[in-house]
Every structure is written in C-alpha cells, then in structure tokens.
Amino acid sequence: MLKRISILFYLALFLLVIAVGAWAGDPTGAATLKADPGKAVDYVWVLVCGFLVMFMQAGFACVESGFCRAKNVTNLMTKNLLDFVVGSLAFWAVGFGIIMGTDWNGLLGSSKFFLAGNSYDVETYLSFFWQLVFAATAATIVSGAVAERLKFQSYLVYSAVICLFIYPVYAHWVWGSGWLSKLPFGLGHLDFAGSGVVHAVGGFVGLAGAIVLGPRYGKFDKHGKPRAIPGHSISLAALGTFILWFGWFGFNPGSTFSAHQLRIAVIAVNTTMCAAAASLTAMLLVLGKTGKYDLGMALNGALAGLVAVTAPCAWIAAWAAVIIGIVAGFLVVGGVYLLDALKIDDPVGAVSVHGFNGVWGLLAVGIFADGTYGNYATTAPFVQGLLFGGAGGGQFVAQLIGAVVVIAWAFGCGLILFKVLDAVIGIRVDPHEELQGLDIVEHGTPAYPEFYIPRV
Amino acid sequence: MKEIRAIIRVEKLRDVLDALEEKGHPGVSVTRIEGHGRQTGLVEQFRGREFKVDLLPKARLDIVCTDEDVEQMVQTIAENAKTGGIGDGKIFIYPVQDALRIRTGETGDLAL
C-alpha cells in the first residue's frame, strides 16, 4: 500500500514538472484562428469525425461480445473499455511522440511526449486527438481474435504495448514522415486512412495472439474438424456493425484533416459502396455453399469492405470501390475458412476482416488510384495506380513494400509480445476457468445474472 | 388412477391447455424440455459454418386422472397437439398407486 502511494506521489511530482515547461505553442487557439479564420471549420470537421471514430469502440464491443458466448461478455466489454483507457494514457505518455515527434532517421518520432512544453498548443492537441482515436482502434481489434481465453492481466499489458510502441512506430513510418512515406516509388507508400496502419496492424497482431494462445476448448473436434461456436447475440453483432459502418464516416472522410477538401463527398460514397459490395459478395458466397442467407458472414463482409476501402477511399471512383468490395468479400469468406483449415481459432473473424483486407486495401491503392487526388491534397502531384499509367507501376511497388512491411512488423511484434508475456505471466486462462467463462473467474460479474447460462 | 405424460410441440401447448380446460380438467404440470425422437434435429449455421442441433425444445405435460377419464384426456391432447408433421410428439400412460391432497389429507380419486 505504502509503495503504491509513493508511486502516485512521484507520478504527481512528474506531472508538475511537465506542467511548468515553457509554452511556445498556442494554447488558447486565438493566434491560430487569427492567422487563418478558415481553421474553425477544419477543427470542427476533424473533431466531429474523431468523435465518430471514438464511437467505433462501441461498435467493436458489440460485434465482439455478440459473436462470443454469454459467459464471456463482461470480459469482452471490460477489455474493450480498458484498451481505450490504458491506450489513451500510454499514447499520451509515449505513443503520440513516436508518431508525430521530430523524425529520427525515418524510424521514430522523438518529441511531444506527454504533450509537454511546446506541445501545449491547439494544433498539436487536434493532431493528438485524431491520432489517439486511431491508435485505440488498432488496439481494440485484437481483443476479438484472442477472445474467450486470454487472461485479463495479459490484455492490459498488451494494450499498453501496442499503444506505446507497436502501433506508433509503424504509424510514424507511414504518417509521421518516416521511411515508408519517403520510398522512391510513386509518391511513397500511401495509406489514406489506415487499412495498413490501423487495421492490418491490429489484424496481424491478433493473428499472432490467436496462434500463441491456441484454439478455444471445443473449437476443433477430436479428428481436428472445425466446429461452429455460435455467438450469444446476433442482434448485438448486427448493431455493432451498423455502429462501425457509421463510425467509418468519421474514419475515412475525416482523414483529409481538412473540411476545405470537398473530396470528402467522394470518400464518403466510396466507403459505403465498398462495404455494400463486400457484404453482398460474402453473403452470396455462403449462400452458394450452404443454401442459407448467413447474417454473421454478411456482417463480417461489410466490415471487410470498410477495411479494404480505408486506404484507397480518397484516390478512387465509386466503380473501383465496388470492385475492391467484391474482392474483399471473397477475401473475408476465404480467410475465415482458411484459418479454420489451419487450426487457428479467431472467434470473431478479426484476422480475415482487418488483417487480410487491410493488406488488400494497401495494394488496391496501387491498382485503382485514378489521378484525381494528391498526397492528402487536392493539388498535384496526383496518385496513379497500375490501371491509370502510374509511371511504370511505381505506386504499386510502394504499396507492395508497405504491405510486406506491415505484415512482418505487426505479426513479428505480436509474436514476440505474446510469447514473452506467456513465458513471464502466462496468457491463457486455465481450462476450468475457460469452461466456466471468464466473467465469473476474472471479474466476478456475470453479464446476464438472471438468465441460466450453462456452466461447467 | 393413471398418469398421462405428453411430449408435444411448444407452439401447440396453448391449444392443448385450452382444450383440457374446456373439458374440465384443471390439474396439469408443464415442463419445458429438450429432446428428439425420430426427428433428429436441425442444421443451423454461424458465420459460414453449419452445425447440427440435436435437441429441440418441447413441452412436457404431466396429468394425473381417474381411470375413466384417461381415454378422453388422451384424445383431447392428441387432437390438439397434432399437425401431421414429424415432431408432433408422443403420449405415455402410467399407472399411479395413490395420491394425497396436502391441504386436506384426502387420498385416492378424491385427491385429484
């Protein structure tokens, strides 16, 4: 107890030291507004979109708990809350500085930690808020892939590590003028709103987690045949998908970081077209296999389309969004069956939705970018993919390099993180706890105390 | 004295109870059960993967009546529980040795 109090004391002292740093920024915002009165509408645009992205946390919480069993709902809701809580603090302390701080050799940012000193400035705070809600999105994707069997304690450590390090480093490479953004092909590696930075990172860290954990009890029968473990609430899963789709109208159009680029209208339309095409494709594929209209896969399909269009949404026209969506539908259905065949248990389809389609979104930029939008600008140089000249496929090469790097980085870091955690504190709950459900053992609070839920 | 145990479709429960009440047989216990007879279950699916549901929800009625009433009771249940499709259920009849109404201490047919 004493030890804890003294830790809090030192923390308070540390915050005080940060607080008395010099201010060279514009904390009131008055000077920024005077210099450019048009900024007001940009601030409102970016903040409102950022609020929508934050609301996607609710969508993830609903999708994940809906697709899992009633005995683990408290656990999933707690994980979805706590990754935002722990992630916010970790991102404030270190993460944001690694993304947006002064570049060090194209690898890391090295300033703006704790938003201290000169960072007490409206422009920096705006950028911080935007980057924070994106980092938290990457963090929360993983909880789906590792659901129903990961120890809560390990999840807290994981949440801190992805927001302190794994996500910010890769985001710096793409969005913080790091080395990927400066590749000598096309306009460098481009990822408009984060198919790679956010979704592929979350998806492949999740894949690593699912592999290290192993499948849930009962996922494969004694002959190794995969079994369906139906989620407890298709209503929650559907509601969550609608919330995510809605939130994506902040995620993608908001990534212009400016309301003065009317391209936001194109981005909003592309976002919806791709999701619609992917959802329909996924539903039809399962219809062909089982003869039934499968809502669960149609929901996964919509999310897959949203992930795939996140990178290219600013650089393409609606017809391309539809094609990207159709491919996304094939990828998500194929991905779900492939992981089952490989004996990897991803309870909610997070790897297929975010991992595989995140990578597809990166490649799609290099194919479909039609030369009507530049590098987060409505002015030249414009981005051109393979189908539109694209100067010998340069942009596609940049996209391909980024795709390989994001898989290697996210999967590699995830594997190391979960292996180390497993060796140090153990990451999997014991078999009895898994059967009983994590709600009672880890939290003491069943999600539905007045209903009979089979427990072993 | 006989006990009638009827396993019927859940959606037919209301019809059967109404018909029994009309005939003037108030005493009945209902249990929600799961099971299957020749009808061996359904195939459901979740996110593209099919799985078999062996046990289907059914309603079980337990009624104790006098020997004279048995035939009429069984007929009433059978008529009202029938759809003609597989899964309509079954009725079993057992002998009962005795009965006792706890409130009054009456036994035998008087206790029913």
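Bear in mind that the values here come from a model prediction, so they are computed numbers and not experimental data. (Residues numbered from 1 in each chain as written. Chains lettered and ligands numbered in written order. Predicted model: local features only at pLDDT ≥ 70, side-chain atom pairs only at ≥ 80, totals over all residues.)

## So, the overall build of chain A
Point 1. In terms of regular secondary structure, chain A is built from 15 helices and four strands.
Point 2. In terms of overall dimensions, chain A is globule-like: its C-alpha atoms have a radius of gyration of 22 Å, near the 23 Å expected for 456 residues.
Point 3. Within chain A, the proportion of its 456 residues that are buried is 53%.
Point 4. Counted over contacts in chain A with a minimum sequence separation of 6, partners at least 24 positions apart contribute 76%. (Helix = DSSP H or I, 4+ residues; strand = E, 2+ residues; numbered from the N terminus. Rg over C-alpha atoms; globule rule 2.2 N^0.38 Å. Buried ≥ 20, exposed ≤ 12 C-beta atoms within 10 Å, placed from the backbone. Contact = placed C-beta atoms within 7 Å.)

## A short note on the overall build of chain B
Point 1. Across its full length, chain B holds two helices and six strands.
Point 2. Listed N to C, the secondary structure of chain B is β-α-β-β-β-β-α-β in terms of helices and strands.
Point 3. For chain B, whose C-alpha radius of gyration is 17 Å, the value lies well above the compact-globule estimate of 13 Å for 112 residues.
Point 4. Principal axes of the C-alpha set define a box for chain B whose edges measure 60 × 25 × 20 Å.
Point 5. Taking all 112 residues of chain B together, the buried fraction comes to 16%.
Point 6. A separation threshold of at least 6 residues defines the contact pool for chain B, and within that pool the share at least 24 residues apart is 67%.

## Here we look at the packing of helix H10 (residues 295-310) of chain A against helix H11 (residues 318-341) of chain A
All names here are of chain A.
Point 1. Contact geometry of H10 with H11 gives a least axis separation of 8 Å together with a crossing angle of 130°. By the criterion of interaxial angle, the relationship of H10 to H11 is oblique. The handedness of the crossing between H10 and H11 comes out as right-handed. Listed contacts from H11 to Met297, Asn300, Gly301, Ala304, Gly305, Ala308 and Val309 of H10 are Ala321, Ile324, Gly325, Ala328, Gly329, Leu331, Val332 and Val333.
Point 2. Tallied by class, residues from the contact of H10 with H11 come to ten nonpolar, five polar and no charged. (Axes fitted to C-alpha atoms, helices over the stretch in contact; angles between N-to-C directions. Parallel < 35°, antiparallel > 145°, perpendicular 65-115°, else oblique. Left-handed = near helix turned anticlockwise from the far one by under 90°. Nonpolar A, V, L, I, M, F, W, Y, C, P; charged D, E, K, R; others polar.)

## A word on the interface of chain B and chain A
Point 1. Each side of the interface is counted separately: chain B has seven residues, and chain A has 16 residues.
Point 2. Of all the elements in the fold, those that place two or more residues in the side of chain B that touches chain A are strand S3 (42-46) and strand S4 (49-53) of chain B.
Point 3. Element by element, the count of residues in the side of chain B that touches chain A is highest for S4 of chain B, at three residues.
Point 4. For the side of chain B that touches chain A, the class distribution of residues is two nonpolar, two polar and three charged.

## Points about the packing of helix H6 (residues 152-175) of chain A against helix H7 (residues 195-213) of chain A
Residues and elements named next belong to chain A.
Point 1. Here H6 crosses H7 at 140°, and the two axes come no closer than 10 Å. Taken together, the axes of H6 and H7 are oblique relative to one another. With respect to the hand of their crossing, H6 and H7 are arranged in right-handed fashion. Across the interface between the two elements, Ile162, Ile166, Tyr167, Tyr170, Ala171, Val174 and Trp175 from H6 touch Gly196, Val197, Val201 and Val205 from H7.
Point 2. The class makeup of the residues in the contact of H6 with H7 is ten nonpolar, one polar and no charged.

## Side note on the environment of Arg9 of chain B
Residues and elements named next belong to chain B.
Point 1. Tracing the sequence through the fold places Arg9 in the loop between strand S1 (2-8) and helix H1 (13-22).
Point 2. Through-space distance from the C-alpha of Arg9 to that of Ala81 is 7.0 Å; in sequence the pair is 72 residues apart.
Point 3. Discounting residues that sit within four places of it in the chain, Arg9 has contacts with Lys58, Ala81, Gly87, Asp88 and Gly89.

## Observations concerning the sheet that holds S1 of chain B
Residues and elements named next belong to chain B.
Point 1. In space, the four strands of this open sheet follow the order S2-S5-S1-S6, with antiparallel pairing throughout. Edge positions in the sheet fall to strand S2 (29-35) and strand S6 (89-95), since each has one partner strand and no second. In this sheet, adjacent strand axes meet at a mean angle of 20° when their direction is disregarded.
Point 2. Note: S1 against S6, seven bridges, orientation antiparallel. Along S6, the bridge assignment pairs Ala6 with Ile91.
Point 3. Sheet contacts for helix H2 (residues 70-81): S1, strand S5 (56-65) and S6; angle to S1, the most-contacted strand, approximately 5°. (Pairing = 2+ DSSP bridges.)

## Describing unusual backbone geometry
All names here are of chain A.
Point 1. A cis amide bond, omega 0°, links Ala380 with the succeeding residue Pro381.
Point 2. With respect to the helices, strands and loops of the structure, Pro381 is situated in the loop between strand S3 (370-374) and strand S4 (382-384).
Point 3. The phi angle at Lys112 is positive, at roughly 70°, despite the residue not being glycine.
Point 4. Position of Lys112 relative to the elements: it lies in the loop between strand S2 (108-109) and helix H5 (122-145).
Point 5. When the 22 C-beta atoms within 10 Å are taken as the criterion, Lys112 is described as buried.
Point 6. For Tyr376, which is not a glycine, the phi torsion comes out positive at approximately 55°.
Point 7. For Tyr376, the location among the structural elements is in the loop between S3 and S4.
Point 8. Its 15 C-beta neighbours within 10 Å are what place Tyr376 among the partly exposed residues.

## Topic: the nonpolar core
Point 1. Ranked by internal contacts, the top residues of the largest apolar core, which has 139 residues, are Val201 and Cys274 of chain A.
Point 2. Among the elements that make up this core, the one with the highest residue count is H6 of chain A (14 residues).
Point 3. Every residue in contact with Cys274 of chain A, bar those within four places of it in the chain, is listed here: Gly305, Leu306, Ala308, Val309, Ala321, Val322, Ile324, Gly325 and Ala328 of chain A.
Point 4. With eleven residues, the next largest nonpolar core counts Ile4, Ala59, Ile63 and Met73 of chain B among its residues. (Core = buried A, V, L, I, M, F, W, Y, C linked by C-beta atoms within 7 Å.)

## As for helix H8 (residues 234-251) of chain A
All names here are of chain A.
Point 1. In this model H8 runs 25 Å from its N-terminal to its C-terminal C-alpha over 18 residues, within 8% of the 26 Å that 1.5 Å per residue would give.
Point 2. Considered for burial, the residues of H8 that qualify are Ala237, Gly240, Thr241, Ile243, Leu244, Trp245, Gly247, Trp248, Gly250 and Phe251.
Point 3. Among the structural elements, helix H3 (39-67), helix H9 (264-290) and H10 are those in contact with the buried residues of H8. (Expected span 1.5 Å × (residues − 1).)

## Re the pairing of S5 of chain B
Residue and element names in this part refer to chain B.
Point 1. Bridging between S1 and S5 involves seven bridges; their strand directions are antiparallel. Of the residues in S5, the one forming a bridge with Ile4 is Ile63.
Point 2. Across seven bridges, the pairing between S2 and S5 is antiparallel. Residue pairing across strands places Gly35 opposite Leu56, the latter belonging to S5.

## Points about the confidence of the model for chain B
Point 1. Of all residues in chain B, 100% have pLDDT values of 70 or greater, and the mean over the chain is 92.
Point 2. Interface scoring of the predicted complex returns ipTM 0.76; its pTM is 0.89. (pLDDT = per-residue confidence, 0-100.)

## Quick notes on the environment of Leu13 of chain A
Point 1. Mapped onto the secondary structure, Leu13 of chain A falls in helix H1 (residues 2-19).
Point 2. On the neighbour-count criterion, Leu13 of chain A (9 C-beta atoms within 10 Å) is exposed.

## Observations concerning the environment of Pro27 of chain A
Residues and elements named next belong to chain A.
Point 1. Secondary-structure assignment places Pro27 in the loop between H1 and helix H2 (30-35).
Point 2. The exposure class of Pro27 is partly exposed, given the 13 C-beta atoms found within 10 Å.
Point 3. On a C-alpha basis, the gap between Pro27 and Ser119 in space is 8.6 Å, while along the polypeptide they are 92 residues apart.
Point 4. Residues in contact with Pro27, not counting those within four places in the same chain, are Tyr120, Asp121 and Val122.

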